[in-house]
Amino acid sequence: MTTASPTLHPAVRNGSFDVEAVRADFPALSLEVNGYPLTYLDNAASAQKPRQVIQRMVTAYEREYSNVHRGLHYLANAATEAFEQARESVRGFLNAASVDEIIFTRSGTGAINTVASSLGQAIEAGDEIVLSIMEHHSNIVPWHFLRERKGAVIKWAPVREDGSFDFEAFKALLTERTKIVAITQMSNVLGTVTPIKEIAAAAHAVGAKVLVDGCQSIVHMPVDVRDLDVDFFAVTGHKLYAPTGIGVLYGKLDLLAQMPPYEGGGEMIREVTEDYVTYGVPPHRFEAGTPPIVQAIGLGAAVEYVNSIGRERIAAHEHDLSVYAHERLGALNSLRIIGTAPGKGGIISFEMKGAHPHDVATIIDRYGVAVRAGTHCAQPLLARYGATATCRASFALYNTRADVDRLVDALVKAQDLFA
């Protein structure tokens, strides 16, 4: 199944794009904070939304809104068509083989929990689940449920001091008892990009299923689930310039067809009687109840927006920003940057000597600079580096070198204050 070539954004030129023209699409970026232009560097937590996505959702509410799949009237048909077109857009974005492999969930967290709760029904005491120490809590806690409730054993793949993934140490963890490997493709703290294709091959060699947390990577790099040969891939919408309340679970169709449902209710059934129930086929088997209709349509619009600029162009732009930011931040002697792995994404976590990250983030907010401060839902990883919290600056397609300069200027002011 092929997808038509996207209509290019007017800002696109050959291998790059006019970032100022793209910034004009994002209303929030015109805001001022404390008299300073907003410098939004909290994209790993959630990205701003372009007008194209906002307006598409307004149109859906105003002109196409009804429940999907269940009505025969005009609005029901319009809503269903828009909803299913969004599914097709996501299918193409991931290069999945079929729209039946694309399940809409409430979030990336919901996608991971769907797999853990469904596959988890077959987990027995002593079965092994391999994670990396970099995982977000959303890709840790559901597996702890299986440890607590089913007696599963969790094993942890390490990272090196620079934050790079230790593939050989990971392979050494795999045994015939390994049932699930659940690993991020891009760390939300370090920016480290993991070798998913090689990880999947090694896991499959011992008969394990592979789930990838793609909530960060899908924003910053091309993803081809068939080339990676992963069994499951989890995505969240709100980091991908789409609204909150929408996520995606990709799963290989043959696996989804064998898996028991995660939730029960309307839409996921084939037949319900007083004595038995039969379940529908994927993806509907895993979409109980009224789905996030307009949110899914918004996600489809976000995918089309990213396609109009081009993921290769976005990746090149963000790589330039990341290199520049590492150079400028690395020149500040008061900072400790955590995570310098080769090929990392546009995420920089750091500590300032003599200052708590919360205090640093509060001070630089006075100058309009927005970063995240805290554990970033990755407490095992921070413990590995002897940290309880960090500041994190994270880049999106609309960020510029000027944003990096404003971050550095604000940090210098904070540094002087805490000295």
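Looking up the chain in an unreviewed UniProt entry gives the name Cysteine desulfurase, with the organism given as Xanthobacter autotrophicus. Under the Sequence similarities (unreviewed entry) heading, UniProt states for the chain: "Belongs to the class-V pyridoxal-phosphate-dependent aminotransferase family. Csd subfamily." Looking at the Cofactor (unreviewed entry) heading of the UniProt record, one finds this comment for the chain: "pyridoxal 5'-phosphate".

Before going further, it helps to examine the sheet that holds strand S16 (residues 347–352). Strand order in this open sheet of four strands is S15-S16-S19-S18, and the pairing throughout is antiparallel. Each having just a single partner strand, strand S15 (335–338) and strand S18 (372–374) make up the two edges of the open sheet. Going from strand to strand, the sheet's axes swing by 30° on average, the running direction of each strand aside. In this sheet, S16 lies alongside S15 in antiparallel orientation, the contact comprising four bridges. Residue pairing in the sheet places Ile337 in a bridge with Phe350 of S16. Against the sheet, helix H15 (residues 401–418) touches S15, S16 and strand S19 (390–394), its axis set at about 15° to S16.

It is worth spelling out the packing of helix H2 (residues 51–63) against helix H11 (residues 293–309) at this point. The interhelical angle for the contact between H2 and H11, taken along N-to-C directions, is 145°, at an axis separation of 9 Å. At the point where H2 passes H11, the crossing takes the right-handed sense. Facing H2, whose interface residues are Gln52, Val53, Arg56, Met57, Ala60 and Tyr61, H11 presents Val294, Gln295, Ile297, Gly298, Ala301, Ala302 and Tyr305. By residue class, the composition of the contact of H2 with H11 is nine nonpolar, three polar and one charged.

All right, on to the domain arrangement of the chain then. If you check the domain split of the chain, you get domain 1 (12–40 + 311–418) and domain 2 (58–307). Here domain 1 and domain 2 have C-alpha centroids that lie 28 Å from each other. Contacts between the two partners involve 32 residues from domain 1, matched on the other side by 32 residues from domain 2. Together, the buried faces of domain 1 and domain 2 total about 2600 Å²; carbon and sulfur atoms form 57% of this surface. By the criterion of area lost to domain 2, the three top residues of domain 1 are Arg311, Ile347 and Leu381, representing 27% of everything that side buries. Joining domain 1 to domain 2, the criterion identifies one salt bridge. For Glu161, the salt bridge goes to Arg384, with nearest N and O atoms at 3.1 Å. Counting across the domain 1 and domain 2 interface gives 20 residue pairs in polar contact (both at pLDDT 80 or more).

Parameters at a glance
- Throughout, residues of each chain are indexed from 1 in the direction in which the sequence is written.
- Given that the model is predicted, a residue must reach a pLDDT of at least 70 before its local features are reported, and side-chain atom pairs must reach 80 or more before they are shown or counted; all residues, however, enter totals for whole chains, interfaces and linings.
- Hydrogens and waters are ignored; side-chain quantities use all the structure's heavy atoms.
- UniProt positions are given in the numbering used here, feature names are shortened, and annotations may be inferred rather than shown by experiment.
- Here the rule is simple: two strands pair whenever DSSP picks up at least two bridges between them.
- The way it works is that DSSP assigns letters per residue, a run of H or I at least four long becomes a helix, a run of E at least two long becomes a strand, and they are numbered from the N terminus.
- Here an angle of 0 to 180 degrees is reported between the N-to-C directions of two axes, which are lines fitted to C-alpha atoms, with helices fitted over the stretch in contact.
- By the convention used here, residues are in contact when the closest approach between their heavy atoms is within 4.5 Å.
- Note: crossing handedness is left-handed where the near helix turns anticlockwise from the far helix by less than a right angle, and right-handed where it turns clockwise.
- Gly falls in the polar group here, along with every residue not listed as nonpolar (Ala, Val, Leu, Ile, Met, Phe, Trp, Tyr, Cys, Pro) or charged (Asp, Glu, Lys, Arg).
- How far each domain reaches was decided by an automatic or database domain assignment.
- Note on definitions: buried area is the accessible-area loss of two parts on being combined, 1.4 Å probe, summed for both.
- The working definition used for a salt bridge is a side-chain nitrogen of Lys or Arg within 4 Å of a carboxyl oxygen of Asp or Glu.
- N or O atoms closer than or at 3.5 Å make up a polar contact, with two conditions inside protein: a donor-capable atom paired with an acceptor-capable one, and, for residues adjacent in sequence, both atoms drawn from side chains.

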